[in-house]
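Close look at the chain arrangement
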Amino acid sequence: MLDIKQIRENPQLVQEKLNSRNGKYDIQPILDLSQQQRELEGKRSQLQARSNEIGKLVGQKVKSGVVDPQSPEIQTLKDEGNAIKTTLSDLEPQEKELKAQIHELLLALPNLPSDFTPLGKSEDDNQEVRTWGDEYKPANPHILPHWEIGEKLGILNFERAVKIAQSRFVSLIGAGAALERALIQFMLSQHIENGYIEVSPPLLVNTDSLTGTGQLPKFAEESFKCAEDDLWLIPTAEVPVTNLYRGDILNAEELPIYHTAYTPCFRREAGSYGRDMRGLIRLHQFNKVELVKLVKPEDSFEELEKLLANAESILQALKLPYRVINLCTADLGFSSTKTYDLEVWLPSSGKYREISSCSNCVDFQARRADIRFKEAGKKGTQFVHTLNGSGLAVGRTMAAILENYQQPDGTIKVPEVLQVYLGREVL
Ligand SMILES: Nc1ncnc2c1ncn2[C@@H]1O[C@H](COP(=O)(O)OP(=O)(O)OP(=O)(O)O)[C@@H](O)[C@H]1O
Ligand SMILES: N[C@@H](CO)C(=O)O
């Protein structure tokens, strides 16, 4: 959530930054309501001051014995005092309502892009930062798409998954299931070695949690909701893991907090009609190993670079060619101020495909979820900065392995670092 103070003090800058995003956002209604709220606040404090004055006056006059308590002068003052009290109690709900309206409008505004985020009008303006591993791109020009080779090997089954659920689901069989388990184990182990603490969070979360990280209220149609309960299936572990700290005031010494979590993720993919209908790229249920950080404000951009490096290290260990993209303002996710995407090489289509998104949300989620920290000797509290990244999406990593490690005889070589987890060298 944006800071109302920042909107009031720098409306032009805030509006310009919002205009650089994809979508139309107008801060004028917030400014108008905020002005009304301030006027109301001013009126209320004037009335309160007058009410206090009357109380004092009546007390003094009666106490000094100068005026009869039943006198018309005292009665007039009392009447004025009572009228003020009635007005004040009428103003209170009005002010509450205004605050609630402002809060609701603020919840619908995305984060402001950082000064390090390239300006752009569409994803075409995203900036390639670097590529890695060209030497590992397979030379074989006849590589089958991962879904074809996976079905041929009997390790991916889409048809049966459609029968038991619907399209955009998969069942992994035998070595397919084992490969996925090995990948999850490998990714978690790497991240734990790099200082992240593992979490196994609830996969169903309440509305407050999704609001805290920014998926609600704007993107309700993208998540699956349980009909009878205030519970939603998580679209990413970022939601429950960040919300572990919702409403907390942490000690500065507790920061930075690094978490990693493997979870299934559930997405309705409402806006993706007809896209990526085959394979593991765009499913309603997919596994992901997530990285989440809570850090001090002054460290968050440096922490983003480190988080990105942690996600990259998985691709490097697996020897999967990839590139790093700095997302432009138009392609930035709702809660993020700066995002790097990692895109892995998929040889069957001769393209890089997104496999990880690493974002700095600065204080945007912390303000929504009310996550603060306190420094010893300093007055008050500050919002933490939150970051998250995929380290990595497991299904898309499997797709990349099934293609980049495909051998001319139709078998799949197991990446060296996974062999110990899988207990075999070939699938
Ligand atoms: N429906 C899905 N099925 C499989 N993997 C997914 C799906 N959606 C996202 N992912 C993976 O999870 C990562 C984090 O999700 P994120 O919200 O950044 O994806 P996204 O930007 O919606 O992806 P895309 O642009 O491909 O739709 C992505 O980088 C991707 O690797
Ligand atoms: N939580 C982030 C990174 O995985 C996302 O879903 O995009």
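As a starting point, this report considers the structure included with it. (Residues numbered from 1 in each chain as written. Chains lettered and ligands numbered in written order. Predicted model: local features only at pLDDT ≥ 70, side-chain atom pairs only at ≥ 80, totals over all residues. Heavy atoms only, no water.)

The next thing to look at is the overall build of the chain. In terms of helices and strands, the chain carries 13 helices and 15 strands. On C-alpha atoms alone, the chain measures out to a radius of gyration of 28 Å, which is more than a quarter above the 22 Å that the 2.2 N^0.38 rule sets for 427 residues. In terms of principal-axis extent, the alpha carbons of the chain reach across some 110 × 45 × 40 Å. Here the chain, with 427 residues, has 49% of them falling under the buried criterion. Within the chain, contacts between residues at least 6 apart in sequence are counted, and of these 74% link residues at least 24 apart. Summed over its atoms, the accessible surface of the chain is roughly 20,900 Å², and 49% of this surface lies on carbon and sulfur atoms. Charge separation in the chain, taken as the distance between the mean sites of 50 positive and 60 negative side-chain charges, equals 2 Å. (Helix = DSSP H or I, 4+ residues; strand = E, 2+ residues; numbered from the N terminus. Rg over C-alpha atoms; globule rule 2.2 N^0.38 Å. Buried < 20%, exposed > 50% of the residue type's maximum accessible area, 1.4 Å probe, protein only. Contact = heavy atoms within 4.5 Å. Areas by Shrake-Rupley, 256 points an atom, 1.4 Å probe, with all protein chains shown as cover. Lys, Arg positive; Asp, Glu negative; His and termini not counted. Charge placed at Lys NZ, Arg CZ, Asp CG, Glu CD.)

Among the 15 residues in the neighbourhood of ligand 1, the closest are listed as Arg267, Glu269, Arg282, Leu283 and Glu354. The separation between a nitrogen atom of ligand 1 and a polar main-chain atom of Ile281 is 3.1 Å. Glu354 is positioned with one of its side-chain polar atoms (N or O) 2.7 Å from an oxygen atom of ligand 1. Taking 590 Å² as the accessible area of ligand 1 by itself, protein coverage stands at 79%. Mapped onto the shell around ligand 1, the elements with two or more residues apiece are β9 (285-295), β12 (351-360) and β15 (385-393). Sort the elements by how many residues they give to the shell around ligand 1 and β12 lands first, with four residues. Of the residues belonging to the shell around ligand 1, the class tally is six nonpolar, three polar and six charged. (Near = heavy atom within 4 Å. Polar contact = N/O pair within 3.5 Å; in protein donor to acceptor, adjacent residues only side chain to side chain. Nonpolar A, V, L, I, M, F, W, Y, C, P; charged D, E, K, R; others polar.)

With an omega of 0°, the peptide bond between Leu255 and Pro256 qualifies as cis. With respect to the secondary-structure elements, Pro256 resides in the loop between β7 (249-251) and β8 (257-266). For the bond from Gly391 to Leu392, the omega torsion is 10°, close enough to zero to count as cis. By the secondary structure assignment, Leu392 is in strand β15. Despite not being glycine, Arg168 shows a phi value in the positive range, around 70°.

For the coordinates displayed, the defined rule picks out 21 salt bridges. Lys61 serves as the salt-bridge partner of Glu73, at 2.4 Å between the closest nitrogen and oxygen. In this pair, Glu73 is assigned in helix α4 (residues 72-107) and Lys61 in helix α3 (residues 28-64), connecting sequence segments 12 residues apart. For Glu73, a relative accessible area of 37% translates into the label partly exposed. (Salt bridge = Lys/Arg side-chain N within 4 Å of Asp/Glu carboxyl O.)

This part takes up the site of ligand 2. Taken together, Thr236, Glu238, Arg267, Lys288, Glu290, Ser357, Asn388, Gly389 and Ser390 make up the full set of residues near ligand 2. Contact between ligand 2 and Thr236: a nitrogen atom at 3.0 Å from a side-chain N or O atom of the residue. The fraction of the free accessible surface of ligand 2 (230 Å²) that becomes covered by protein chains is 83%. For the shell around ligand 2, the secondary-structure elements that each account for two or more residues are β9 and β15. Residue contributions to the shell around ligand 2 peak at three residues, all from β15. Class assignment for the residues of the shell around ligand 2 results in no nonpolar, five polar and four charged.

One open sheet holds the three strands; their spatial order is β7-β13-β14, and the pairing between them is mixed. The sheet terminates laterally at β7 and β14 (382-383), the two strands that pair on one side only. With three bridges joining them, β7 and strand β13 (residues 372-374) adopt parallel strand pairing. Across the sheet, Leu250 pairs through a bridge with Phe373, a residue of β13. (Pairing = 2+ DSSP bridges.)

As a further point, take the pairing of β15. Judged by how many residues are buried, β15 sits mostly within the fold: nine of nine residues are covered. Sheet topology note: the β12/β15 ladder contains three bridges and is antiparallel. If you follow Asn360 over to β15, its bridge partner there is Leu387.

A few words on the sheet that holds strand β10 (residues 322-326). Strand pairing in a sheet takes place through backbone hydrogen bonds and is either antiparallel or parallel in direction. Ordered in space as β1-β10-β11-β12-β15-β9-β8-β4, the eight strands form an open sheet in which the pairing is mixed. Two strands in the sheet have a free side with no partner beyond their single neighbour: β1 (127-132) and β4 (197-198). Strands in contact with helix α7 (residues 175-193) are β4, β8, β9 and β15; relative to β9, the strand with the most contacts, it is inclined by about 5°. Across the sheet, helix α10 (residues 300-317) touches β1, β8, β9, β10, β11 (338-346), β12 and β15, and the angle it forms with β15 is around 10°. (Axes fitted to C-alpha atoms, helices over the stretch in contact; angles between N-to-C directions.)

Right, let's talk about a negative patch on the surface for a bit. Together, Asp208, Glu228, Asp229 and Asp230 line one region of the surface with negative charge. Relative to the helices and strands, Asp208 resides in helix α8 (residues 207-213). (Patch = residues over 30% accessible without salt bridge, like charges linked within 9 Å, V, L, I, M, F, W, Y side chains within 5 Å.)

What follows deals with the side chain of Glu403. Of note, Glu403 is situated in helix α12 (residues 394-404). Arg353 provides the closest opposite charge to the buried, salt-bridge-free Glu403, at an N-O distance of 9.6 Å. Other than its neighbours up to four places away in sequence, Glu403 contacts Pro138, Ile143, Leu144, Pro145, His146, Leu346, Pro347 and Ser348.

Tallied over the full model, the rule gives eight aromatic pairs. With a centroid separation of 6.0 Å and 70° between ring planes, the pair formed by Phe186 and Tyr421 is classed as edge-to-face. Of the two residues, Phe186 is situated in helix α7 and Tyr421 in helix α13 (residues 416-422); the sequence distance between them amounts to 235 residues. Judged by relative accessible area, which is 33%, Tyr421 ranks as partly exposed. Grouped by ring-pair contacts, the aromatic residues Trp132, Tyr136 and Tyr322 constitute a single cluster. It is Lys293 that lies over the ring of Tyr258; its NZ or CZ is 4.3 Å from the centre. (Phe/Tyr/Trp six-rings, centres within 6.5 Å; stacked < 30°, edge-to-face > 60°. Lys NZ or Arg CZ within 6 Å of the ring centre and 35° of its normal.)

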